[in-house]
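Residue-level structure breakdown
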Amino acid sequence: MQEAWTFELPKSEKPLSDQIKKVLLDNQKDLGIFLSYYFKKEGALAEKADLGSEINFKDQNSGDFKLEFDLVHFNACLAIHEQKRDQMKITFDIVNNNLRLKGPYWPEREMDEI
């Protein structure tokens, strides 16, 4: 499984790294949803996603960075409410003024043979 999410970059004269930071800040809720897909089997949600490292550019239109977020496990029936700070490396590409974020590749387990 590898999740991806796309945001539109606003037109600006600011450096590209500042534009990316602004998009990440303005879309914290969407970033939480994007990160939560990785933890849905655990029953956890990601909240309060923030930039956790500098933005590293591989070339003019791609690179990576780390997102830090609160990982919240909640189950009222089992009286579970745990929260911890976690981080994930995200890669990005910029195509046609769109910022496309890609999370890590986590292979999914196939069905066992009988």
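I will try to describe carefully the structure that is included in this document. Small disclaimer: the values here were computed from a predicted structure and weren't measured.

**Quick look at the pattern of salt bridges**
- Taken as a whole and judged by the stated rule, the model has six salt bridges.
- Between D70 and K48 there is a salt bridge; the shortest N-O distance is 4.0 Å. Placement of D70 in strand 4 (residues 62–75) and of K48 in strand 2 (residues 44–51) is noted, with a sequence separation of 22 residues between them.
- Residue class for D70 comes out buried when judged on its relative accessible area of 8%.
- Salt bridges sharing partners connect three or more residues here, namely K48, D50, D70 and R85.

**Structural notes on the environment of A46**
- Structurally, A46 can be placed in strand 2.
- Residue class for A46 comes out buried when judged on its relative accessible area of 7%.
- Between the alpha carbons of A46 and D86 there is a distance of 8.9 Å; along the sequence they are 40 residues apart.
- In contact with A46, not counting residues within four places along its chain, are G32, L35, S36, F69 and D70.

**Regarding the packing of aromatic side chains**
- According to the stated counting rule, one finds five aromatic pairs in the structure shown.
- Each ring, one from F57 and one from F92, has its centre 5.6 Å from the other, and the planes form 90°; the classification is edge-to-face. In this pair, F57 is assigned in strand 3 (residues 56–59) and F92 in strand 5 (residues 80–95), connecting sequence segments 35 residues apart.
- Exposure remark for F57: the relative accessible area of 36% places this residue in the partly exposed category.
- An aromatic cluster is present here, built from W5, F34 and Y37 joined pairwise through their rings.

**Details of the nonpolar core**
- Counting 24 residues, the largest nonpolar core has L35, F65 and L101 as its most contacted members.
- Listing elements by their share of this core, those giving two or more residues are helix 1 (16–26), helix 2 (28–36), strand 2, strand 4, strand 5 and strand 6 (98–102).
- Apart from the residues within four sequence positions on either side, L101 is in contact with E3, A4, W5, F7, L24, L31, F34, F65, I90, T91 and F92.

**A short note on the environment of E110**
- Looking at the secondary structure, you find E110 in the segment after strand 6.
- Separated by 66 residues in sequence, E110 and A44 place their C-alpha atoms 22 Å apart.

**Here we look at the side chain of E3**
- Relative to the helices and strands, E3 is located in the segment before strand 1 (4–8).
- In this structure, E3 is buried with no salt-bridge partner, the nearest side chain bearing the opposite charge being K40 at 5.3 Å.
- Among all residues touching E3, those that are not within four sequence positions of it are F34, Y37, Y38, L101, K102 and G103.

What counts and what doesn't
Residues numbered from 1 in each chain as written. Predicted model: local features only at pLDDT ≥ 70, side-chain atom pairs only at ≥ 80, totals over all residues. Heavy atoms only, no water. Salt bridge = Lys/Arg side-chain N within 4 Å of Asp/Glu carboxyl O. Helix = DSSP H or I, 4+ residues; strand = E, 2+ residues; numbered from the N terminus. Buried < 20%, exposed > 50% of the residue type's maximum accessible area, 1.4 Å probe, protein only. Contact = heavy atoms within 4.5 Å. Phe/Tyr/Trp six-rings, centres within 6.5 Å; stacked < 30°, edge-to-face > 60°. Core = buried A, V, L, I, M, F, W, Y, C linked by side-chain atoms within 4.5 Å. Lys, Arg positive; Asp, Glu negative; His and termini not counted.

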